[in-house]
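Spelled out from the first residue to the last, the chains are:
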Amino acid sequence: MKPTTGRNVVVVGTQWGDEGKGKLVDWLTESAQGVVRFQGGHNAGHTLVINGVKTALHLIPSGIMRPGVTCYIGNGVVLSIAKLLEEIAGLERAGVQVRERLRISEGCPLILPLHAAMDVAREAAREQGGSERIGTTGRGIGPAYEDKIARRALRAQDLKHPDRFAAKLRELLALYNHELLGFLASGQIAFSEALTPYLKDGALQFDPIYDEAMRQAEQVRPMLADVSRELNEAHQQGANLLFEGAQGTLLDVDHGTYPFVTSSNTVAGNAAAGAGVGPGLLHYVLGITKAYCTRVGGGPFPTELDWETPGTPGWHMSTVGAEKGVTTGRSRRCGWFDAALLKRSAQVNGLSGLCITKLDVLDGLPELQLCTGYELDGELIDILPLGADDIARCKPVYETMPGWSDSTVGATRYEQLPINARLYLQRIEHVTGVPIHVVSTSPDRDHTIMLRHPFLPD
Ligand code: GDP
Ligand code: IMO
Ligand code: MG
């Protein structure tokens, strides 16, 4: 008899991140036995609100608040062990059991203090050189992925071999110090303790970085695992797995607003490579989509509004939506919903369904604009073009829709939504060509309208 295998769902952000992935992953975990992060690092900030209590997660999968669920950090994640231990300690203080339920791939490239220093230095050097800052989170994500691709990264498995770790760290430090010294000597960045406390006499020091990593390694080693094997076995045994994307599709290093992107592939296909499972195991892709758009950091944003002037629709989104970053505390830029952007997202992720979040934030706006395409160099186009340069020249084409005055906050059934809110959702489905399967109406776990459950078989 054929064994019963599980059903697996991938959750991705379809815009520029912060769409509400954490809330939905926590909610969907009710139907899963394992939750997997497969890319990004602690640049992510995922917020869960359970019975009014808020939890912010950066590295640990958003399934951790459900007892008994196993959480996995796949090989595609760049891992700061310092930040991981900090996050574990915070959760344990709040009474959440973590260590026994967290499995970390030995293949994860490590983020060390030198990566954050280089990230900050590169941003400063870009600005000095006359280029716009990318507006990174300063967490060392870009440099860590560079080392991975250049085949010189220290990986989690090296934590088990102090000599190997030391030799690789020396090599990496030589390279980093050479580049940092160049920046310092040319006056592109100031010598500053703010760059990193590990910088002394003009160079990053080996001893403090090594000693700290070795101390932390003791705590991390018991959680290291062959995550690919464990996921495949769990699947064979019938477990439902949930793959949790970080960032958003327009921050994908290939498909996003390059170069104003993060340094990983954020699209659904990377769930397979970044966790070590075959693409055939990804059965359903849920695209988390804000009912409007936000972006934090630099780069083009065709439907961006003035979000600072009181009384404007952009200001309404910013204040009612509490649009402040979870990781860096920066204000998020706000703008109208962009269906042409979503078409690109649907295409590159193979979305099975959409989850529209923060519909409640639009309550009370008299009318809404919905971008259906752009004018680019005198031509009308209906899908977001590739890369920042072309996107920056796109002029959005809008449809106007009536708003609604009734509150949608906390709605759990579609019939509770005002007619104009339903018409707005229907229009989004029609223009993007993707069915809406879930709607979220507040930060709270339970304030969710389910139209088609992603874990139910097709
Ligand atoms: P993520 O990075 O995609 O997980 O999203 P973030 O947690 O960074 O940002 C989403 C923010 O919106 C968080 O503060 C959530 O608590 C909040 N949120 C999520 N869904 C809803 C919703 O439907 N309505 C409202 N008002 N807030 C929501
Ligand atoms: P979650 O998972 C929003 C943005 C940064 C910057 C760009 C590159 O919470 O949705 P990086 O530090 O990754 O090199 O920065 O990407 N960025 C995010 N924006 N949400 C995130 O994660 C982000 N992670 C990175 O602001 O523009
Ligand atoms: Mg976030």
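That block above? That's the structure.
Participant: How should I be thinking about the overall build of the protein chain in this particular structure?
Facilitator: Counting its secondary structure elements, the protein chain contains twelve helices and 20 strands. Taken over C-alpha atoms, the radius of gyration comes to 22 Å for the protein chain, in line with the 23 Å a tight globule of 458 residues would show. Along the three orthogonal principal directions, the C-alpha set of the protein chain runs to about 65 × 65 × 40 Å. Counting over 458 residues, the protein chain shows a buried share of 50%. Here the contacts in the protein chain between residues at least 6 apart in sequence split such that 76% fall between residues at least 24 apart.

Participant: Explain the site of ligand 1 to me, please; I cannot follow it from the model alone.
Facilitator: Taken together, 21 residues sit near ligand 1, with Gly20, Gly22, Thr47, Ser440 and Pro443 positioned nearest. Going through the elements one at a time, helix 1 (21-28) and strand 3 (46-50) are the ones with two or more residues in the shell around ligand 1.

Participant: Quick question: what am I supposed to make of helix 4 (residues 141-149) here?
Facilitator: Residue pairs three or four apart in sequence face the same way in an α-helix, which turns once every 3.6 residues. Of all nine residues making up helix 4, seven are buried, and the element is well covered by its neighbours. Every buried residue belonging to helix 4 is among Ile141, Gly142, Pro143, Ala144, Tyr145, Asp147 and Lys148, and all of these are buried. Buried residues along helix 4 sit in contact with helix 3 (113-128) and helix 5 (162-185). Remark: Arg151 follows helix 4 within two positions and exhibits a positive phi of approximately 65°.

Participant: Quick question: what am I supposed to make of the environment of Tyr210 here?
Facilitator: By the secondary structure assignment, Tyr210 is in helix 6 (residues 206-220). Residues contacting Tyr210, with those up to four places away along its chain left out, are Ala166 and Leu169.

Participant: So what exactly am I meant to see when it comes to the sheet that holds strand 1 (residues 8-13) here?
Facilitator: Sheet strands pair by backbone hydrogen bonding; their relative direction is either parallel or antiparallel. In space, the ten strands of this open sheet follow the order 9-6-5-2-10-1-11-15-19-20, with mixed pairing throughout. Each edge of the open sheet carries a strand with a single partner, namely strand 9 (224-225) and strand 20 (448-450). Of the pairings in the sheet, the one linking strand 15 (residues 353-357) to strand 19 (residues 436-440) comprises three bridges and is parallel in character. Paired with Cys355 across the bridge in strand 19 is Val438. Against the sheet, helix 1 engages strand 1, strand 2 (34-37), strand 10 (241-244), strand 11 (284-290), strand 15, strand 19 and strand 20, with an angle of about 165° to strand 1.

Criteria and thresholds
Residues numbered from 1 in each chain as written. Chains lettered and ligands numbered in written order. Predicted model: local features only at pLDDT ≥ 70, side-chain atom pairs only at ≥ 80, totals over all residues. Helix = DSSP H or I, 4+ residues; strand = E, 2+ residues; numbered from the N terminus. Rg over C-alpha atoms; globule rule 2.2 N^0.38 Å. Buried ≥ 20, exposed ≤ 12 C-beta atoms within 10 Å, placed from the backbone. Contact = placed C-beta atoms within 7 Å. Near = placed C-beta within 6 Å. Pairing = 2+ DSSP bridges. Axes fitted to C-alpha atoms, helices over the stretch in contact; angles between N-to-C directions.

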